[in-house]
Amino acid sequence: MDLILLAKALGHAIQEDERYLTLMEARRANDEDEALQDAIGAFNLNRIELNNEMNKVEDGEKEKMQQLNQVIHDLYNEIMANEHMQTYNQAKQAADALMNQINQVLTAAINGEDLENLVLSEGCSGSCDGCSGCAH
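Now for a quick tour of the structure.

1. So, helix α3 (residues 34-55)
In this model α3 runs 32 Å from its N-terminal to its C-terminal C-alpha over 22 residues, within 8% of the 32 Å that 1.5 Å per residue would give. Listing the buried residues of α3 in full gives Leu-36, Ala-39, Phe-43, Asn-46, Leu-50 and Glu-53. Angularly, the buried residues of α3 cover 105° about the axis, an arc narrow enough to put them on a single face. Across from the buried face of α3, at angles greater than 90 degrees, the exposed residues are Glu-34, Asp-38, Leu-45 and Asn-55. The elements touched by buried residues of α3 are α2 (18-32), α4 (62-81) and α5 (83-110). Put simply, Asp-33 is the residue that caps the front of α3, since its side-chain oxygen is 3.2 Å from the backbone nitrogen of Ala-35.

2. Details of a nonpolar patch on the surface
A contiguous nonpolar patch, built from Met-1, Leu-3 and Leu-6 and spanning about 410 Å² of accessible area, is present on the exposed surface. Relative to the assigned elements, Leu-6 resides in helix α1 (residues 3-16). With a relative accessible area of 45%, Leu-6 lands in the partly exposed category.

3. Here's the deal with the side chain of Gln-104
Mapped onto the secondary structure, Gln-104 falls in helix α5. Looking at Gln-104, the relative accessible area reads 18%, which means it is buried. Excluding anything up to four places from it in sequence, Gln-104 contacts Leu-118, Val-119, Leu-120 and Ser-121.

4. Quick word on the packing of α3 against α4
In the contact formed by α3 and α4, the axes pass within 9 Å of each other and the chain directions differ by 155°. As summarised for this structure, α3 and α4 are arranged roughly antiparallel, according to the angle between their axes. At the point where α3 passes α4, the crossing takes the left-handed sense. Mapping the contact onto sequence places Leu-36, Ala-39, Ile-40, Ala-42, Phe-43, Asn-46, Arg-47, Glu-49, Leu-50, Glu-53 and Met-54 in α3 and Lys-64, Met-65, Leu-68, Asn-69, Val-71, Ile-72, Leu-75, Tyr-76, Glu-78 and Ile-79 in α4. Its residues assigned to classes, the contact of α3 with α4 comprises 14 nonpolar, two polar and five charged.

Rules of the game
- Residues numbered from 1 in each chain as written.
- Predicted model: local features only at pLDDT ≥ 70, side-chain atom pairs only at ≥ 80, totals over all residues.
- Heavy atoms only, no water.
- Helix = DSSP H or I, 4+ residues; strand = E, 2+ residues; numbered from the N terminus.
- Expected span 1.5 Å × (residues − 1).
- Buried < 20%, exposed > 50% of the residue type's maximum accessible area, 1.4 Å probe, protein only.
- Arc of directions from axis to C-beta.
- Contact = heavy atoms within 4.5 Å.
- Polar contact = N/O pair within 3.5 Å; in protein donor to acceptor, adjacent residues only side chain to side chain.
- Patch = residues over 30% accessible without salt bridge, like charges linked within 9 Å, V, L, I, M, F, W, Y side chains within 5 Å.
- Areas by Shrake-Rupley, 256 points an atom, 1.4 Å probe, with all protein chains shown as cover.
- Salt bridge = Lys/Arg side-chain N within 4 Å of Asp/Glu carboxyl O.
- Axes fitted to C-alpha atoms, helices over the stretch in contact; angles between N-to-C directions.
- Parallel < 35°, antiparallel > 145°, perpendicular 65-115°, else oblique.
- Left-handed = near helix turned anticlockwise from the far one by under 90°.
- Nonpolar A, V, L, I, M, F, W, Y, C, P; charged D, E, K, R; others polar.

Here you go:
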C-alpha cells in the first residue's frame, strides 16, 4: 500500500468536494472583483505607509499615524463588507472545517487510535494538543 498514492487520491477527492469547489469559485469571484482588489491594494499600501511612519515616530507625526490607522480601518471594513469577500470567508471556513476533520483522522491514525469509533470535532477546540494545522 503506497501511502503517497493514497494521499494523492485523497487530494483528488478533496478537489471534487463541494466545499472545495465553492471555495475556488469564491476565490475567482474575489480575483475578478476590481473594486475589491482596489480596496485590498489600497489597504496594503496604507498598511505599509503606517508601518513606515511607526518606525520614525515623532510628536508631529502621530496625527498622520492616526489618520493612516483610520484609513486602514475604513478600508478593512469596506473589504469585509464586500459580498464576494463574505462569500469567500464562508467558503474558506467550510473548507477549513473539512481539512480540520481530515487532520483529526490522520492524527488519530498516527497515534494508534481506533478510527472506526473516532468522534470528530466540528471546529477548533482552542487547545492545540494533538492538532497539526490551524492558525490559532
